[in-house]
Amino acid sequence: MNNNINEMYLKLGINENVLDFCNDIEDSLKERFNEFDLIAEYNQLKVIKAMQQENVSEACLSSASTGYGYNDLGRDTLEKVYARIFKTEDALVRPQITCGTHALALALFSNLRPGDELLSVSGKPYDTLEEVIGIRESVGSLKEYGISYSQVDLKPDGRFDREGIKNAINSKTKLIAIQRSKGYQTRKTLSPYDIGDIIKFIKEINEDLIVMVDNCYGEFVCYNEPSEFGADMVVGSLIKNPGGGLAPLGGYIAGTKKCVENAAYRLTSPGLGKEVGASQGVMPRFYQGLFMSPVVVNSAVKGAVFASAIYEKLGYKVVPDSKEPRYDIIQAVELGSKEAMVEFCKGIQFAAPVDSFVTPEPWAMPGYDSDVIMAAGAFVQGSSIELSADGPVKPPYAVYFQGGLTWYHAKLGIINSLQKLVDAGIVKL
Ligand SMILES: *Cc1c(COP(=O)(O)O)cnc(C)c1O
């Protein structure tokens, strides 16, 4: 390895043996990294083409509307760009959508009516959606509005349960939810292609069913998105993949004209819909973030596989393993103890460009039934497209690791996590 680089790692507190171990792992991943680079290249071209086709101009970047936000060229054009990228009829991409949970809640509340039933076919949904749906009692849930919920779990091998889905669909079923990413579970992430197969199956049962895919953490990881295979809506957060680390807030819903229109009337008001919603000064970062996103996601995916390969080699259980295909940017590592989780998170935190001097500690976070530990030194608060790690402090003591705006930062963070585990005597190389 290059001496200049070596020296820098040593100055950053990495020992030679840790560095050698990690460099060997990196060398073994060359071929996989090449595959990821091809996907990034394809998605970069996809984004540029969409921007060109919609005549993105300087005027789009300087349209910083205030007040009602009528005729915001930048906002309206960006939504057309998203629709092109996701191959949907329309899209809603707004700073007024506060986060991923809000985007999903918006998609659900706007497309369901009292008496309808929501059916999840990918098992338990993401934690924060439990309160949206009313699985856990909460004020303002779908349940309060008379919208019922049922669920079909994935089969033990991680595949869709076709028989179960067929049996669960009834005359009240209106909307089918599919979560692509594993979230805080150790199941497998679903591929856009498998999601497409199940959508086809669902539409054969009843073509009027609306299929919504929670696409959080999945954007630009593959050549295709679930919306290309029949999903009526794909939903996500701009402080994850498609914001490219630059979007300071926001969420999106891309989908059919009808679904997006419903969402717009719910986000603002019946009668107003997409016509209002000032963008203030946020458009340049939305555009540039989207432009950067394929490369940023590429860095995050490389980081995930690098971490997977390192901890797999050390004998830890990793999900996914280092050879499996990738459909999102999340990497789970089962570290087996609270101490190991803390050391891992310290390594990530101390490698951050922001708040590197802060020591992460487990705490009782609202909404969780155990302490949670988090490491994040991000430019955007809570941004998980930036290098971050977190997990509930309970067996199997799994840390969920994601992000990295650049591959080099992801690499440093992961090497540093190993260094901390070695220093604490938990790992021996
Ligand atoms: C992050 C995430 C959400 C929620 O997004 P927030 O921005 O944290 O509210 C929902 N679903 C999945 C799969 C996620 O990863």
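Keep in mind it's a predicted model, so treat the numbers as computed, not measured.

Definitions and limits used
Residues numbered from 1 in each chain as written. Predicted model: local features only at pLDDT ≥ 70, side-chain atom pairs only at ≥ 80, totals over all residues. Heavy atoms only, no water. Salt bridge = Lys/Arg side-chain N within 4 Å of Asp/Glu carboxyl O. Buried < 20%, exposed > 50% of the residue type's maximum accessible area, 1.4 Å probe, protein only. Pairing = 2+ DSSP bridges. Helix = DSSP H or I, 4+ residues; strand = E, 2+ residues; numbered from the N terminus. Axes fitted to C-alpha atoms, helices over the stretch in contact; angles between N-to-C directions. Core = buried A, V, L, I, M, F, W, Y, C linked by side-chain atoms within 4.5 Å. Contact = heavy atoms within 4.5 Å. Near = heavy atom within 4 Å. Polar contact = N/O pair within 3.5 Å; in protein donor to acceptor, adjacent residues only side chain to side chain. Areas by Shrake-Rupley, 256 points an atom, 1.4 Å probe, with all protein chains shown as cover. 1 Å grid on protein atoms, 1.4 Å probe; cavity = no way out; pocket = protein on both sides within 12 Å on 5 of 7 lines; lining within 4 Å. Sits in = over half its atoms within 2 Å of the grid points. Nonpolar A, V, L, I, M, F, W, Y, C, P; charged D, E, K, R; others polar. Expected span 1.5 Å × (residues − 1). Patch = residues over 30% accessible without salt bridge, like charges linked within 9 Å, V, L, I, M, F, W, Y side chains within 5 Å. Parallel < 35°, antiparallel > 145°, perpendicular 65-115°, else oblique. Left-handed = near helix turned anticlockwise from the far one by under 90°.

Caption draft 1: Main features of the pattern of salt bridges. In the structure shown here, the tally under the stated rule is 24 salt bridges. In this structure, Asp76 and Arg75 form a salt bridge, with 3.0 Å as the shortest nitrogen-oxygen distance. Residue class for Arg75 comes out buried when judged on its relative accessible area of 2%. Ionic pairing is found between Asp232 and Lys203, a salt bridge with its closest N-O pair at 2.7 Å.

Caption draft 2: Expanded view of the sheet that holds strand β2 (residues 117-120). Judged by pairing direction, the sheet is mixed, and its seven strands sit side by side in the order β1-β7-β6-β5-β4-β2-β3 without closing on themselves. In the strand order of this sheet, the two ends are held by β1 (90-94) and β3 (148-151), each with one partner. On average, each strand axis in the sheet is inclined to that of its neighbour by 20 degrees, with strand direction left out of account. Where β1 meets strand β7 (residues 251-255), five bridges bridge the pair, whose relative direction is antiparallel. Counterpart to Val93 in the pairing with β7 is Tyr252.

Caption draft 3: Local environment of the sheet that holds strand β9 (residues 331-334). The antiparallel open sheet is built from five strands, whose spatial order is β8-β9-β12-β11-β10. Bordering the open sheet on either side are β8 (317-319) and β10 (372-376), each of which pairs with just one other strand. Taking each pair of neighbouring strands and ignoring which way they run, the sheet shows an average axis angle of 15 degrees. Bridging between β8 and β9 involves three bridges; their strand directions are antiparallel.

Caption draft 4: The nonpolar core, seen in detail. Ranked by internal contacts, the top residues of the largest apolar core, which has 100 residues, are Ile178, Tyr311 and Leu335. Setting aside anything within four residues of it in sequence, one finds Ile178 in contact with Val121, Ser122, Phe160, Leu190, Ile195, Ile198, Ile199, Val211, Met212, Val213 and Asp214. By size, the runner-up hydrophobic cluster in this structure holds 28 residues, among which are Leu92, Leu112, Leu175 and Val235.

Caption draft 5: Structural detail: unusual backbone geometry. A cis amide bond, omega -5 degrees, links Val319 with the succeeding residue Pro320. With respect to the element layout, Pro320 can be found in the loop between β8 and β9. The step from Pro395 to Pro396 runs through a cis peptide bond, and the omega angle for that step is 5 degrees. Note on placement: Pro396 falls in the loop between β11 (388-392) and β12 (398-402).

Caption draft 6: Representation of the site of the ligand within the structure. Close to the ligand lie Cys99, Gly100, Thr101, Leu104, Tyr126, Gln179, Asp214, Cys216, Tyr217, Ser237 and Lys240, which account for all nearby residues. Gly100 places a polar main-chain atom, nitrogen or oxygen, 2.7 Å from an oxygen atom of the ligand. Residue Lys240 places a side-chain N or O atom 3.0 Å away from an oxygen atom belonging to the ligand. Relative to its unbound accessible surface of 380 Å², the ligand loses 89% to contact with the protein. Using a 2 Å cut-off from the grid points, one finds that the ligand occupies the largest pocket. Per-element accounting of the shell around the ligand gives the leading share, three residues, to helix α6 (residues 100-111). For the shell around the ligand, the per-class residue count stands at five nonpolar, four polar and two charged.

Caption draft 7: View of helix α2 (residues 16-28). The end-to-end C-alpha separation of α2 is 18 Å, in line with the 18 Å expected for 13 residues at 1.5 Å each. Every buried residue belonging to α2 is among Val18, Leu19, Phe21, Cys22, Asn23, Ile25 and Glu26, and all of these are buried.

Caption draft 8: Fine view of a nonpolar patch on the surface. Where nonpolar side chains cluster on the molecular surface, the patch consists of Leu38, Tyr42, Tyr193 and Tyr223 and spans about 370 Å² of accessible area. Tracing the sequence through the fold places Tyr223 in the loop between β5 (210-214) and β6 (233-237). In this structure Tyr223 comes out as partly exposed when scored by relative accessible area, which is 33%.

Caption draft 9: Region of interest: the packing of α2 against helix α11 (residues 283-313). For the pair α2 and α11, interaxial distance at closest approach is 10 Å and the crossing angle is 120 degrees. With respect to α11, the axis of α2 lies oblique. Judged by the sense of rotation from one axis to the other, the crossing of α2 with α11 is right-handed. Every residue of α11 that contacts α2 at Phe21, Cys22, Ile25 and Glu26 is listed here: Phe306, Ala309, Ile310 and Lys313. Its residues assigned to classes, the contact of α2 with α11 shows six nonpolar, no polar and two charged.

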